[in-house]
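What follows is the residue order along each chain.
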Amino acid sequence: MEPIFGVMSMYDVACNDQGELAPDLYMERASNLGKKYGFVPTAIT
Amino acid sequence: MKPFTFCGGLYLSPKSWEQEESLKRTIEGLEFCAEIGSQVAMFGPRFHGRVAREGRMRIAINLCRRLADAAKDYGLYVGLEDYEYWIGDDFEMLFAYCDRDNLGLINDTGNWLIEGEDPLMQTLRFRERIVGVHLKDYRLEEGCWRSVALGRGMVDMERVIRAMWDLPKPYRVLMPTETDLDGGSEFEAQEQSLAYLREVVDRIKSEKA
């Protein structure tokens, strides 16, 4: 079957642009990126 | 949102109680994976300095078999990622001796490079065993493998993706992009990866239409 492509958010190491841990922000931005390119957001925990 | 979840790790220790404890915790992790709707639970091995290569394999076969059996009760596949420790021949031996249909490979496309293997060849070799994927690319710079956006490293990414297009699994295998940068913006790299992936996916789909 055709695969599902996604953008991975590594929740425990996700950082903001300043290199600080910010998993929720990362998840949100990664999800938005996935949607922009037509791929599903995914999470790794 | 699709979950892609770790269930734990198996400790390939010379002490049997440590092996058993790690198996118990990892089996407990399966329940969480099943509850949140995962199809595949990932796990990894933890090595011990006093256990030689043969011993690792013996212990891993015993623990992986039992983990796969427990996962079957939850309707889950369990996947072991190619990551740093084992090469392709080790995976082949592990899958053959474990002899469990729901034990598979998390095919990290970039990690094969670190292991000294060719990602495309290993993808083709283990195609039947792939239960999950990390799409990742690396470039060797001054002796270090540097994570880069897809298509900008040494993985023959389009061919690897083509090789995994119709995997023989009863579900649609999840293939998330992954970066692990030493500097710079993860978001920028992810955006470059997704733009590349969009081009490749559209090209493959138009050929198949």
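Use the structure listed above.
Here the structure is a predicted model, which is why all the values come from computation and not from measurement.

Quick notes on the rules
Within each chain, residues carry numbers counting from 1 in the order of the written sequence. As a convention, the first chain written is A and the first ligand written is 1, with the rest following in written order. Local features are withheld for residues below a pLDDT of 70 in this predicted model, meaning they are given only at 70 or higher, and side-chain atom pairs are given and counted only at 80 or more; totals for whole chains, interfaces and linings count all residues. Secondary structure elements are taken from DSSP: a helix is a run of H or I of four residues or more, a strand is a run of E of two residues or more, and numbering for both begins at the N terminus. With the radius of gyration taken over C-alpha atoms, the globule rule is written as 2.2 Å times the number of residues to the power 0.38. Once C-beta atoms are placed from the backbone, any two residues with those atoms within 7 Å are in contact. Field definition: a residue is buried when 20 or more other C-beta atoms are found within 10 Å of its C-beta, exposed when 12 or fewer are, and partly exposed for counts in between, with C-beta atoms placed from the backbone. Two strands form a pair only when DSSP identifies at least two bridges running between them. Assignment of crossover handedness uses the view with strands pointing away from the viewer, where a clockwise path from the first strand over the helix to the second indicates a right-handed crossover. Think of it as three bins: nonpolar holds Ala, Val, Leu, Ile, Met, Phe, Trp, Tyr, Cys and Pro, charged holds Asp, Glu, Lys and Arg, and polar takes everything else, Gly as well. Multiplying 1.5 Å by the helix residue count minus one yields the expected span of that helix. Each direction from the helix axis to a C-beta atom contributes to the arc, which is the arc of those directions.

Quick look at the overall build of chain B
Then step 1. Within chain B, the regular secondary structure consists of seven helices and eight strands.
Then step 2. Taking 209 residues into account, the globule formula puts the C-alpha radius of gyration at 17 Å, and chain B, at 17 Å, falls close to it.
Then step 3. In terms of its C-alpha atoms, chain B occupies a principal-axis envelope of roughly 50 × 40 × 30 Å.
Then step 4. For chain B, restricting intrachain contacts to residue pairs at least 6 apart in sequence, the fraction spanning at least 24 positions comes to 74%.

Looking at the environment of Glu21 of chain B
All names here are of chain B.
Then step 1. Residue position: Glu21 is located in helix 1 (residues 16–35).
Then step 2. Overall, Glu21 belongs to the partly exposed group, with 13 C-beta atoms counted inside 10 Å.
Then step 3. Each C-alpha atom, one on Glu21 and one on Tyr11, is 8.4 Å from the other, the two residues being 10 residues apart in sequence.

With respect to the pairing of strand 3 (residues 77–81) of chain B
All names here are of chain B.
Then step 1. Counting buried residues along strand 3, five of its five residues qualify, which places the element largely inside the surrounding structure.
Then step 2. In strand 3, alternate side chains face the same way, and those of Tyr77, Gly79 and Glu81 on one face and Val78 and Leu80 on the other are all buried.
Then step 3. Here strand 2 (residues 40–46) runs beside strand 3; their pairing, made up of four bridges, is parallel. Bridging across to strand 3, Ala41 finds its partner in Val78.
Then step 4. Handedness of the crossover joining strand 2 and strand 3 through helix 2 (residues 53–73): right-handed.
Then step 5. In this structure, strand 3 lies alongside strand 4 (residues 103–108), joined through four bridges in parallel fashion. Looking at strand 4, one finds that Gly79 is bridged to Gly104.
Then step 6. In this fold, strand 3 hands off to helix 3 (residues 88–98), which returns the chain to strand 4; that crossover is right-handed.

So, the interface of chain A and chain B
Then step 1. Taken together, the contact between chain A and chain B spans 22 residues of the former and 28 residues of the latter.
Then step 2. Put simply, the parts of the chain that give the side of chain A that touches chain B at least two residues each are strand 1 (4–10), helix 1 (23–36) and strand 2 (40–44) of chain A.
Then step 3. Considered class by class, the residues forming the side of chain A that touches chain B number 15 nonpolar, four polar and three charged.

Some thoughts on helix 1 of chain B
Since the α-helix turns once every 3.6 residues, residues separated by three or four places project in the same direction.
Residue and element names in this part refer to chain B.
Then step 1. For helix 1, with 20 residues, the first-to-last C-alpha span of 29 Å sits near the 28 Å given by 1.5 Å per residue.
Then step 2. Where helix 1 is concerned, the buried positions are Ser22, Leu23, Thr26, Leu30 and Cys33. One side of helix 1 carries all its buried residues, which in axial view fall inside an arc of 100 degrees. Pointing more than 90 degrees away from the buried face of helix 1 are the exposed residues Trp17, Lys24, Glu28 and Glu35.
Then step 3. Positioned one or two residues after helix 1, Gly37 has a phi angle of 90 degrees, which is positive.

Regarding the pairing of strand 7 (residues 144–148) of chain B
Residues and elements named next belong to chain B.
Then step 1. Pairing of strand 6 (residues 137–141) with strand 7, which is carried by five bridges, proceeds in the antiparallel orientation. Its bridge partner being in strand 7, Leu140 is matched across the sheet by Trp145.
Then step 2. Two successive antiparallel strands, strand 6 and strand 7, enclose a turn made up of two residues, where Glu142 displays a positive phi of approximately 50 degrees.

All we've got here are geometric facts, nothing functional implied.
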